[in-house]
Every structure is written in C-alpha cells, then in structure tokens.
Amino acid sequence: MQTLFANALIVDATRSEPQLGNVLVENGLIKDLDAKQSPAEGRHIVDLRGRTLMPGLIDCHVHVVASLMNLAANAQLPDPIALLRSLPIMRGMLERGFTTVRDVGGAPFALAEAIEQGLAEGPRLITCGKALSKTGGHTDFRARNDTHDPYRWEGKVGALGRIADGVDEIRRAARQELRQGARFIKIMANGGVGSPTDPIAWLGYSVDEITAAVQEARDAQTYVSAHVYTAQAIKRAIQCGVHSLEHCNIIDEEAANMAASAGAVAVPTLVIYEALAQDGERLGLSPASIEKIGDVRNSGLGSLEILRRAGVSMAYGTDLLGEAHERQNEEFAIRARVLPPRDIFASATTVAAKLLGMERQVGCIAENYFADILVVEGNPLEDITLLSRPDQTLQLVMKAGRIYHNYLE
Ligand code: ZN
Ligand code: ZN
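From a predicted model like this one, the values you see are computed outputs, not experimental measurements.

1. Quick notes on the packing of helix α4 (residues 166-179) against helix α5 (residues 207-219)
(1) Moving on: The contact between α4 and α5 brings their axes to 9 Å, and the two run at 30 degrees. Overall, the two elements α4 and α5 adopt an arrangement that is roughly parallel. Crossing hand, α4 versus α5: right-handed. Touching G166, V167, I170, R171, A174, R175 and L178 of α4 are D208, E209, A212, A213, Q215 and E216, all from α5.

2. A word on the coordination of the zinc ion (ligand 1)
Reference values for coordination geometry: four tetrahedral donors around a metal ideally subtend 109.5 degrees, six octahedral donors ideally subtend 90 or 180 degrees.
(1) Moving on: In this structure, H227 (ND1) and H247 (NE2) serve as the protein donors to the zinc ion (ligand 1), at separations of 2.0 to 2.1 Å.
(2) Moving on: Distance-wise, the zinc ion (ligand 2) is placed 3.7 Å from the zinc ion (ligand 1). Taken as a pair, H227 in strand β12 (residues 224-230) and H247 in strand β13 (residues 244-250) lie far apart in primary sequence, 20 residues in all.
(3) Moving on: Taking relative accessible area as the criterion, H227 reaches 1% and is therefore assigned buried.

3. What about the layout of surface pockets?
(1) Moving on: Computed from the structure, the largest pocket encloses a volume of approximately 270 Å³.
(2) Moving on: Lining the largest pocket are 20 residues, with P108, G129, K130, E177 and Q180 positioned closest to its centre.
(3) Moving on: Looking at the lining of the largest pocket, the elements that each hand over two or more residues are α3 (109-116) and α4.
(4) Moving on: Looking at the lining of the largest pocket, its residues break down into 7 nonpolar, 7 polar and 6 charged.
(5) Moving on: Size it by volume and the second largest pocket reaches roughly 210 Å³.
(6) Moving on: Contributing to the lining of the second largest pocket are I115, E116, G118, A120, E121, G122, R124, F370, K399, A400, R402 and Y404.
(7) Moving on: Residues of the lining of the second largest pocket, tallied by class, amount to 5 nonpolar, 2 polar and 5 charged.
(8) Moving on: Lining the lining of the second largest pocket are residues from two domains, each supplying at least three of them: domain 1 (2-55 + 363-406) and domain 2 (57-328).

4. With respect to the pairing of strand β8 (residues 124-127)
When a strand is regular, its side chains alternate between the sheet's two faces.
(1) Moving on: Because side chains alternate across β8, one face comprises the buried residues R124 and I126, and the other comprises L125 and T127, equally buried.
(2) Moving on: Here strand β7 (residues 98-103) pairs with β8 via 4 bridges, running parallel. Of the residues in β8, the one forming a bridge with V101 is L125.

5. Examining empty space enclosed by the protein
(1) Moving on: As enumerated under the stated definition, the model contains 5 cavities of 30 Å³ or more in all.
(2) Moving on: Within this model, the largest cavity holds a volume of roughly 180 Å³.
(3) Moving on: Of all the elements in the fold, those that place two or more residues in the lining of the largest cavity are β11 (185-188), β12 and α8 (270-279).
(4) Moving on: The leading source of residues in the lining of the largest cavity is α8, at 3 residues.
(5) Moving on: Within the lining of the largest cavity, the residues separate by chemical class into 11 nonpolar, 7 polar and 2 charged.

6. A look at the coordination of the zinc ion (ligand 2)
(1) Moving on: In the first shell of the zinc ion (ligand 2), the protein supplies H61 (NE2), H63 (NE2) and D319 (OD), at 2.0 to 2.2 Å from the metal.
(2) Moving on: Taken in sequence order, the residues that donate to the zinc ion (ligand 2) follow the motif H-x1-H-x255-D.

7. Overview of the nonpolar core
(1) Moving on: V64, I187, V228, V242, L245, F332 and L387 are the most contacted members of the largest nonpolar core, which totals 104 residues.
(2) Moving on: Here the element with the most residues in this core is α8; it accounts for 6 residues.
(3) Moving on: Both domain 1 (2-55 + 363-406) and domain 2 (57-328) contribute no fewer than three residues apiece to this core.
(4) Moving on: Excluding anything up to four places from it in sequence, I187 contacts L132, Y205, I210, A213, V224, S225, A226, H227 and V242.
(5) Moving on: Grouped together as the second largest cluster of nonpolar side chains are 18 residues, V23, V46, A371 and I373 included.

8. A short note on the pattern of salt bridges
(1) Moving on: Applying the stated criterion to the full structure yields 19 salt bridges.
(2) Moving on: Among the ionic pairs, R15 bridges to D12, the shortest N-O distance being 2.8 Å. Accessibility classification places R15 together with D12 in one group, the buried group.
(3) Moving on: Several salt bridges converge on common partners, so that one network encompasses R91, E95, E121 and R402.

9. Overview of the sheet that holds β8
(1) Moving on: With parallel pairing, the 3 strands of this open sheet are ordered in space as β6-β7-β8. A strand with exactly one partner marks an edge of an open sheet, and here the two such strands are β6 (57-62) and β8. Shown here is a sheet whose adjacent strand axes are inclined to one another by a mean of 20 degrees, direction ignored.
(2) Moving on: Strand contacts of helix α2 (residues 79-95): β6, β7 and β8, with the helix running at about 130 degrees to β7, the strand carrying the most contacts.

10. Regarding the packing of helix α7 (residues 253-262) against helix α11 (residues 300-310)
(1) Moving on: Packing of α7 against α11 brings their axes to within 9 Å, and their N-to-C directions diverge by 45 degrees. Relative to α11, the element α7 is oriented oblique. Viewed along their axes, α7 and α11 form a crossing whose handedness is right-handed. Of the residues in α11, those touching α7 at E253, A256, N257 and A260 are I306, R309 and A310.
(2) Moving on: Across the contact of α7 with α11, the residue classes break down as 4 nonpolar, 1 polar and 2 charged.

11. Structural notes on the domain arrangement of the protein chain
(1) Moving on: Splitting the protein chain by domain gives domain 1 (2-55 + 363-406) and domain 2 (57-328).
(2) Moving on: Here the C-alpha centroids of domain 1 and domain 2 sit 31 Å apart.
(3) Moving on: On the side of domain 2, 14 residues touch domain 1, which itself brings 16 residues to the contact.
(4) Moving on: Together, D372, K399 and Y404 form the three largest contributors to the area buried by domain 1 at its contact with domain 2, with a combined 42%.
(5) Moving on: Counting the contacts that link domain 1 with domain 2 gives 2 salt bridges.
(6) Moving on: Linking D372 and R124 is a salt bridge whose minimum nitrogen-to-oxygen distance equals 2.5 Å.
(7) Moving on: In this assembly, domain 1 and domain 2 are joined by 5 residue pairs in polar contact (both at pLDDT 80 or more).
(8) Moving on: Put simply, the parts of the chain that give the side of domain 1 that touches domain 2 at least two residues each are β5 (52-55), β17 (394-399) and β18 (402-406).
(9) Moving on: Sorting elements by how many residues they give to the side of domain 1 that touches domain 2 places β17 first, with 4 residues.
(10) Moving on: Per-class residue counts for the side of domain 1 that touches domain 2 are 11 nonpolar, 2 polar and 3 charged.

Cut-offs and rules
- Residues numbered from 1 in each chain as written.
- Chains lettered and ligands numbered in written order.
- Predicted model: local features only at pLDDT ≥ 70, side-chain atom pairs only at ≥ 80, totals over all residues.
- Heavy atoms only, no water.
- Axes fitted to C-alpha atoms, helices over the stretch in contact; angles between N-to-C directions.
- Helix = DSSP H or I, 4+ residues; strand = E, 2+ residues; numbered from the N terminus.
- Parallel < 35°, antiparallel > 145°, perpendicular 65-115°, else oblique.
- Left-handed = near helix turned anticlockwise from the far one by under 90°.
- Contact = heavy atoms within 4.5 Å.
- Donors = N, O, S within 2.8 Å, 3.2 Å for Na, K, Ca; no water.
- Buried < 20%, exposed > 50% of the residue type's maximum accessible area, 1.4 Å probe, protein only.
- 1 Å grid on protein atoms, 1.4 Å probe; cavity = no way out; pocket = protein on both sides within 12 Å on 5 of 7 lines; lining within 4 Å.
- Points joined across faces, edges and corners; volume = space filled by probe spheres on them.
- Nonpolar A, V, L, I, M, F, W, Y, C, P; charged D, E, K, R; others polar.
- Domains from an automatic or database assignment.
- Pairing = 2+ DSSP bridges.
- Core = buried A, V, L, I, M, F, W, Y, C linked by side-chain atoms within 4.5 Å.
- Salt bridge = Lys/Arg side-chain N within 4 Å of Asp/Glu carboxyl O.
- Buried area = accessible area lost by both parts, 1.4 Å probe.
- Polar contact = N/O pair within 3.5 Å; in protein donor to acceptor, adjacent residues only side chain to side chain.

Written as structure tokens, this is what we have:
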C-alpha cells in the first residue's frame, strides 16, 4: 500500500525554506520526496494543491493515564477503569496532531506495545513506567493524616509514580522499570502542585540518590528526566547528571547557563498551570494543590526567556491532566508570546525527536523516516499559533503510514 501526497509544500525544522514535493509513503515509511505523480496499482493519491505537509508533533511531557485532575483519586481507580479512561486521551492526542508522545510517569510499557499492535489508537508511546519519588515527595499522594502504606499504589495503572527511598531502593526501582521496558528513568526532584505535603521549594532527592538513578539509567544506555522547578533543584539535578529538566518554572540565569553547558534539555509545560488555575477547583484539585499554583504559574513566561538567552534546548511539553487534555495545543500559543516560531516548531519536532533518541526516525520529513505526517492550512514557521487551533487548521493526520484523521477528502 502506497500513499502519494502530490503537490505538497514540505515544511520542517531542517529546511530554511518550504520545498515543493511529491511525498511517497510506503510500508509506514517516507520513501521519496520527489516521486512521479503517476497512478499505480495500490497507490492512494492525495493532491494537496500546495498545502503544508509537516512532521507529526511530539509532546515530551504527558501522562496518558491521568484521566482525573486529582492524582490521589486517579491512583485509586480500579486498573481496568484507569486503562479504559486512557484510551480516549490517547486518541485525542492523535486527533490533535501528536504522533509520538513521551509519557513521564504512569503509562505501563504494555500500553506502548498495545498501540504498536493496533489494539488501541494513539500516538507512539515512549514510556518510563512509574516515576520515582521519596516518601512525602511528588508522587506520595497521601493526605497529611494518612499513615497507610504508600507502596500500596505501586502497581496501580492510575498511579503516576512509586515511592523509593535511599540509594538501594532507587537502584532496585530503576532496574525494575528498565527491565519492564522503561526507555528512560523519571524522578521527582522538587516539590509539586498535585501532591499535598511537599511545598514547591522542597528538594525531592539527595545528591546520592539522584546520582544512583543517573548511574542506573546510563548503565542502561539512557538518561534521567527530573521534575524540577527551582534553581536550587535544577542545579543539583544537573550536577548529578540529569539530562531532561521538566518544567523549570523558577529557574535563574546561573542554573540555565549550567543546563546549557551540560547539554541538558528543558521541557517547559506552561499550559498545565493555566488549566489548573482556571479549572482546577471545578475539576477536583485539592485545596492544598490550588494554593501552590501561583508559585509556579507567575514565573512561567520569564523562565522561557531565561532559557532562551542561555541557549538551552527546549522540547515541547504540556503535563495535562483529566479534562484539561484538550488544551494540549495551547502551549504553542503561550510560547509564541516570547519565543520565535521556528524555535517552537523545532521544540515539537527535531528537538523532541533528539530527546527521545529518535532523531533518525521522527521529527522531520526525510526518506526512511516514519511516515508521521500532518497536513495543515498555512505555514507554521510564519505563524506558529495555527498549530494551537487544530480544529481549524489540521486537515490530515498520518502515523506510520496510516491515516487517522482526514478532512481533505
Ligand atoms: Zn512534574
Ligand atoms: Zn508531569
């Protein structure tokens, strides 16, 4: 089966100018950018008449099993319910143009396999299993007076994380996640909004503990991603060798310069704080969490400027929970207030692909890459905000050669 996108205006972050082409897709891969337009047996021709053809989007910070905004309640969902509730979330991501996502806590590797096998529809999933957190850290969702065992959530589909304290437990937990298919290790290295007993400024893990996680990840040829907000937490994480810095809302210049020289990647997720501030209370976020939103929301746009000035690579992230998932593309418009369109475009394509270690497979329109293709009206390198309105601008979504959404025909 072949698909030929005729008269396409190819746009990606590796080209300085859009390029006219006829893009041939075969067996799930991009085969040719300048194919002959002739009809052939088994060939589906889609005439784009000069519309933009671009790579599928990549979101580097999602939680596909987070179907409730209250993460304690989410962790307690019965497994079949938690799993079934993740299906429309994943389908929605694909409909919005995201063909690959990195799940930074919650999704089991089996869910990624289910998608590859066609048992569920969704973006290609890059998973880490459960995020690791200390007792009282960002995945310890017990209320202050709850003294029950926090390990009881460990195996639950709806739990985003698990508790691991001390070097030995961290090594064991990291090894278990890697054995079960984790492509990287996620740790909670700062306080968080969604957890009740850890103020934002608290550091999540000691130097020894983070270093142990980094060693385990490196031994498995991969890296650690850390949930971090404050400059102090970011600096500690970088010093211990963490590669992927999530959120970074309260970063300072010194921490940003350290990130740049270490070659670390930042994954800001500003849209979640808008969603929590506007809808958190209505959607069941606890009062303890609502109190913490302002601490991170107000410094969000400033953090993007600090990261850009220091030259830190930024990947696209959203971190949305529950009903807020539908705001996944709003991050484009938020970043557009401070960053140039080409940088934002790269954050959701080439920069993200590199962070995933998939820069030879996804993120641009080139031969032998996965045929992850979007057709959009207009040029996002001139107006990136058109990607924030997929209901108006996104006309076709193809993942690995299969069309999931088509408003052209
Ligand atoms: Zn986080
Ligand atoms: Zn997250």
